[in-house]
Amino acid sequence: MNQRKHLTLIAAGAAFLSALPLWNVFESSTWAIRSFLVVAAMCGVALLVRSLRAPTWAPSAAMAGAALLGLTWLYPSSHEFIGIIPSPSTIKHFGSLLSTASTEMSEFATPVGDRPGFLFLATLGVAVVALVVDLFAVVLRRPALAGLPMLAIYSVPVTVTTESTSWFPFALGAVGFLWLLVTDNVDRVRRFGRRFTGDGRDVDLWEPSPSPPPASGSARSVSSPRCSCRSSRSPCPAA
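Residues numbered from 1 in each chain as written. Predicted model: local features only at pLDDT ≥ 70, side-chain atom pairs only at ≥ 80, totals over all residues. Heavy atoms only, no water.

Focus: the overall build of the protein chain
Along the backbone of the protein chain there are 8 helices and 0 strands. Ordered by position from N to C terminus, the α and β elements of the protein chain give α-α-α-α-α-α-α-α. The 239 residues of the protein chain split such that 35% are buried. Taking the contacts inside the protein chain whose residues are at least 6 apart along the sequence as the reference set, 60% of them involve residues at least 24 apart. Surface accessibility of the protein chain: about 14,600 Å² in total, with carbon and sulfur atoms responsible for 64%. (Helix = DSSP H or I, 4+ residues; strand = E, 2+ residues; numbered from the N terminus. Buried < 20%, exposed > 50% of the residue type's maximum accessible area, 1.4 Å probe, protein only. Contact = heavy atoms within 4.5 Å. Areas by Shrake-Rupley, 256 points an atom, 1.4 Å probe, with all protein chains shown as cover.)

Next comes the structure, spelled out in structure tokens:
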């Protein structure tokens, strides 16, 4: 697996970890399961497209398409094509869910139940964060900027929750961001000076340096004796 594919996995994992503080907003883990399915589908499509050496913009477009299909499958309007391809009614249904979530925000206190509007809003938010993090970290190679969308969803529970929240999901979100930064820095160091074996095989970063191959043949270099005679008239002795 090349480094770009590896960074794709790390970016998807970091994006999902940054959303874990939303656990303090919901009563159950339904939102997490659905968000994980959508992020996993986006990551899988991005890996597939990048393995085909497609243009730079293609993985991001494929991830957006995978997110749309995943949301259509999880929140159907019963008017989809083949049950998963969105139709105009599907887009209207998504707008209705967002409108319902906006209305219910002032009616329900956290933690909230599995309301369709809240679940759709959470899943959509995590998918958008995963897309933007991949764009910054993998495409633009600016992982520090990827912390902005991660921070946005990271701070949602602090904004909407009135009670004390658990610190553990926040710690996991911070670990995800540090994981992304460390992976990118290791990749930069590796690309600065790459090591190879004698047959041209690339040596992994954590592998020890290969020992040089033994010299072929048993030929030894023999230095020819030099004449030490100072007088130019006396001939040098034969070797």
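Focus: the side chain of Ser 18
Along the chain, Ser 18 turns up in helix 1 (residues 3-18). Overall, Ser 18 belongs to the buried group, its relative accessible area being 0%. Looking at Ser 18, its side chain comes within polar contact range of the main-chain oxygen of Ala 15, at 2.6 Å. Not counting the four nearest positions on each side in its chain, Ser 18 is found in contact with Val 129, Met 150, Ile 153, Tyr 154 and Gly 173. (Polar contact = N/O pair within 3.5 Å; in protein donor to acceptor, adjacent residues only side chain to side chain.)

Points about the packing of helix 2 (residues 30-51) against helix 5 (residues 116-139)
Between helix 2 and helix 5, whose axes approach to 9 Å, the crossing angle comes to 30°. Accordingly, the angle class assigned to the pair helix 2 and helix 5 is roughly parallel. Crossing geometry of helix 2 relative to helix 5 is assigned as right-handed. On helix 5, the residues that touch Thr 30, Trp 31, Arg 34, Ser 35, Val 38, Val 39, Met 42 and Arg 50 of helix 2 are Leu 119, Ala 122, Thr 123, Val 126, Ala 127, Ala 130, Leu 131, Asp 134, Val 138 and Val 139. Tallied by class, residues from the contact of helix 2 with helix 5 come to 12 nonpolar, 3 polar and 3 charged. (Axes fitted to C-alpha atoms, helices over the stretch in contact; angles between N-to-C directions. Parallel < 35°, antiparallel > 145°, perpendicular 65-115°, else oblique. Left-handed = near helix turned anticlockwise from the far one by under 90°. Nonpolar A, V, L, I, M, F, W, Y, C, P; charged D, E, K, R; others polar.)

Details of the packing of helix 5 against helix 6 (residues 147-154)
Relative orientation of the contacting elements helix 5 and helix 6 amounts to 160°, with a least axis distance of 8 Å. By the angle class used here, helix 5 and helix 6 are roughly antiparallel. Where helix 5 crosses over helix 6, the handedness of that crossing is left-handed. Across from Gly 125, Val 126, Val 129, Val 132, Val 133 and Phe 136 in helix 5, the residues of helix 6 making contact are Pro 149, Met 150 and Ile 153. Along the lines of polarity and charge, the residues of the contact of helix 5 with helix 6 split into 8 nonpolar, 1 polar and no charged.

None of the figures reported here should be taken as evidence of function without further support.
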